[in-house]
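# Observations on the model geometry
Residues per chain, in single letters:
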Amino acid sequence: MPQSSRKVALVTGSTDGVGRFVAEQLGADNWDVIVHGRDAERGAAVVATIAAVGGAARFFSADLSDLAEVRRLAEQVAKTAPRLDLLINNAGLGSGGAGAKRQVNPAGVELRFAVNYLAGFALTMRLLPLLKGSAPARIVNVASVGQQAIDFDDVMLERGYSGGRAYTQSKLAQVMFTIDLAERMKGSGVTVNCLHPATYMATTMVRQAGVKPWSTVEEGGAAILQLAQSPSVESRSGLYFNGLAESRADPQAYDAEARAKLWALSLKLTGLKDEGI
Ligand SMILES: NC(=O)c1ccc[n+]([C@@H]2O[C@H](COP(=O)([O-])OP(=O)(O)OC[C@H]3O[C@@H](n4cnc5c(N)ncnc54)[C@H](OP(=O)(O)O)[C@@H]3O)[C@@H](O)[C@H]2O)c1
């Protein structure tokens with residue numbers, strides 16, 4: 001069980017890449033960290049690294065391509081964590097590897113939209129009561145500078161699919177969700193911001209895309225940690241950062257009508273309701 005003196009953070013996709021770096025940093029910084037991914041062995045390794053520096057951590061597994069598993073993860077967190085001060089929606093699939101071909105989740109939702117965006121939407125919505133009860137609390141959505149406007153006539157990319165298009169529309173969806181949720185969370189003590197951590201960090205995702213890394217997980221991790229715990233962004237919400245600097249996202253992110261369409265679609269696909277948030 002978590003130690004009550006520590007603040008609790010859930011970092012999705014923290015068995016690898018920049019998520020792993022961030023989880024380990026938070027653990028070393030006296031946070032109680034919920035490590036998440038699909039691979040139990042790698043999860044245990046992250047927990048052991050945090051324990052070795054005197055930190056507290058446990059691993060919860062869930063495949064975020066399946067909304068039933070997202071629900072189970074949220075229930076597990078709500079049941080076992082007395083509070084949740086920080087949620088970092090970081091798990092993601094890149095544009096390379098198997099992503100070259102269109103894939104769908106068990107419900108027929110295009111896979112990158114499902115894992116990179118919809119899972120974070122559903123997880124966040126399900127954890128809002130716990131976050132609000134722990135306020136001041138923060139949500140950080142790890143998006144990307146790679147963004148492409150969503151075509152609401154073909155969100156599932158049945159026409160003209162490419163791994164790059166699937167990835168970039170899912171990343172813009174995260175930014176749009178951030179802006180809308182921030183508006184809805186006004187006055188609750190829960191802030192939500194998003195960012196492009198760094199370009200082509202040396203991670204599995206970048207290796208799978210066949211790209212030579214340009215930056216390190218330390219660089220991207222520092223940008224994520226700034227939004228997660230820096231006093232400089234305390235009480236600030238609905239923002240998009242490029243690395244450490246506040247920035248502007250794709251124009252569609254600032255189109256209220258497009259955001260409303262995405263919100264309605266997300267509720268429909270997840271079966272969730274937004275009453276009371
Ligand atoms: N790398 C970059 O240069 C870059 C640039 C901009 C934005 N980003 C964003 O940064 C985030 C982290 O990227 P990264 O480069 O660190 O990636 P990574 O090294 O490939 O790690 C991805 C993480 O997400 C988890 N994950 C993937 N699919 C999942 C699923 N279906 N269910 C549950 N967990 C899943 C993986 O867990 P498993 O252990 O189970 O595989 C892993 O922990 C992503 O959102 C990415 O879009 C990265």
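This text gives an overview of the structure that appears in the document. (Residues numbered from 1 in each chain as written. Predicted model: local features only at pLDDT ≥ 70, side-chain atom pairs only at ≥ 80, totals over all residues. Heavy atoms only, no water.)

### Thoughts on the sheet that holds strand E3 (residues 56–61)
Strand order in the open sheet formed by eight strands is E3-E2-E1-E4-E5-E6-E7-E8, with mixed pairing between adjacent strands. Here the strands that pair on one side only, and so sit at the sheet edges, are E3 and strand E8 (245–247). Averaged over all pairs of adjacent strands, the angle between their axes in this sheet comes to 25 degrees, without regard to strand direction. Where helix H2 (residues 40–52) meets the sheet, it contacts strand E2 (32–37) and E3, and its direction lies at approximately 170 degrees from that of E3. Strands strand E4 (86–89), strand E5 (137–142), strand E6 (190–196) and strand E7 (240–242) of the sheet are contacted by helix H7 (residues 217–229), whose axis makes an angle of about 155 degrees with E5. (Pairing = 2+ DSSP bridges. Helix = DSSP H or I, 4+ residues; strand = E, 2+ residues; numbered from the N terminus. Axes fitted to C-alpha atoms, helices over the stretch in contact; angles between N-to-C directions. Contact = heavy atoms within 4.5 Å.)

### Structural notes on the pattern of salt bridges
Under the defined criterion, the tally for this structure stands at eleven salt bridges. Between Arg20 and Glu24 there is a salt bridge, with its nearest N and O atoms 2.7 Å apart. Highlighted residues: Arg20 and Glu24, both in helix H1 (residues 17–28), separated by four residues, approximately one helical turn. By relative accessible area, which is 25% here, Arg20 ends up partly exposed. Across the salt bridge formed by Arg58 and Asp32, the nearest N and O atoms sit 3.2 Å from each other. Pair noted here: Arg58 is in strand E3 and Asp32 is in strand E2, with a separation of 26 residues, a long-range link. The exposure class of Arg58 is buried, given its relative accessible area of 16%. (Salt bridge = Lys/Arg side-chain N within 4 Å of Asp/Glu carboxyl O. Buried < 20%, exposed > 50% of the residue type's maximum accessible area, 1.4 Å probe, protein only.)

### A short note on helix H8 (residues 256–270)
With 15 residues, H8 should reach 21 Å at 1.5 Å per residue; the first-to-last C-alpha distance of 21 Å fits that figure. Along H8, the residues that are buried comprise Ala258, Arg259, Leu262, Trp263, Leu265, Ser266, Leu267 and Thr270. Among the structural elements, helix H3 (67–80), helix H4 (111–133) and helix H5 (163–184) are those in contact with the buried residues of H8. Residue Asp255 occupies the N-cap position of H8, its side-chain oxygen lying 3.0 Å from the main-chain nitrogen of Glu257. Looking one or two residues past H8, Gly271 carries a phi angle of roughly 70 degrees, positive in sign. (Expected span 1.5 Å × (residues − 1). Polar contact = N/O pair within 3.5 Å; in protein donor to acceptor, adjacent residues only side chain to side chain.)

### So, the site of the ligand
Lining the immediate surroundings of the ligand are 35 residues, of which Thr15, Asn90, Tyr167, Met201 and Thr203 lie closest. In the model, an oxygen atom of the ligand is placed 3.5 Å from a nitrogen or oxygen of the Asp16 main chain. In the model, a nitrogen atom of the ligand is placed 2.8 Å from a nitrogen or oxygen of the Leu64 main chain. Relative to its unbound accessible surface of 900 Å², the ligand loses 95% to contact with the protein. Sorting the residues of the shell around the ligand by element identifies H1, E2, H5 and helix H6 (204–208) as the ones contributing at least two each. It is H6 that provides the largest number of residues to the shell around the ligand, a total of three residues. Partitioned by chemical class, the residues of the shell around the ligand number 15 nonpolar, 14 polar and six charged. (Near = heavy atom within 4 Å. Areas by Shrake-Rupley, 256 points an atom, 1.4 Å probe, with all protein chains shown as cover. Nonpolar A, V, L, I, M, F, W, Y, C, P; charged D, E, K, R; others polar.)

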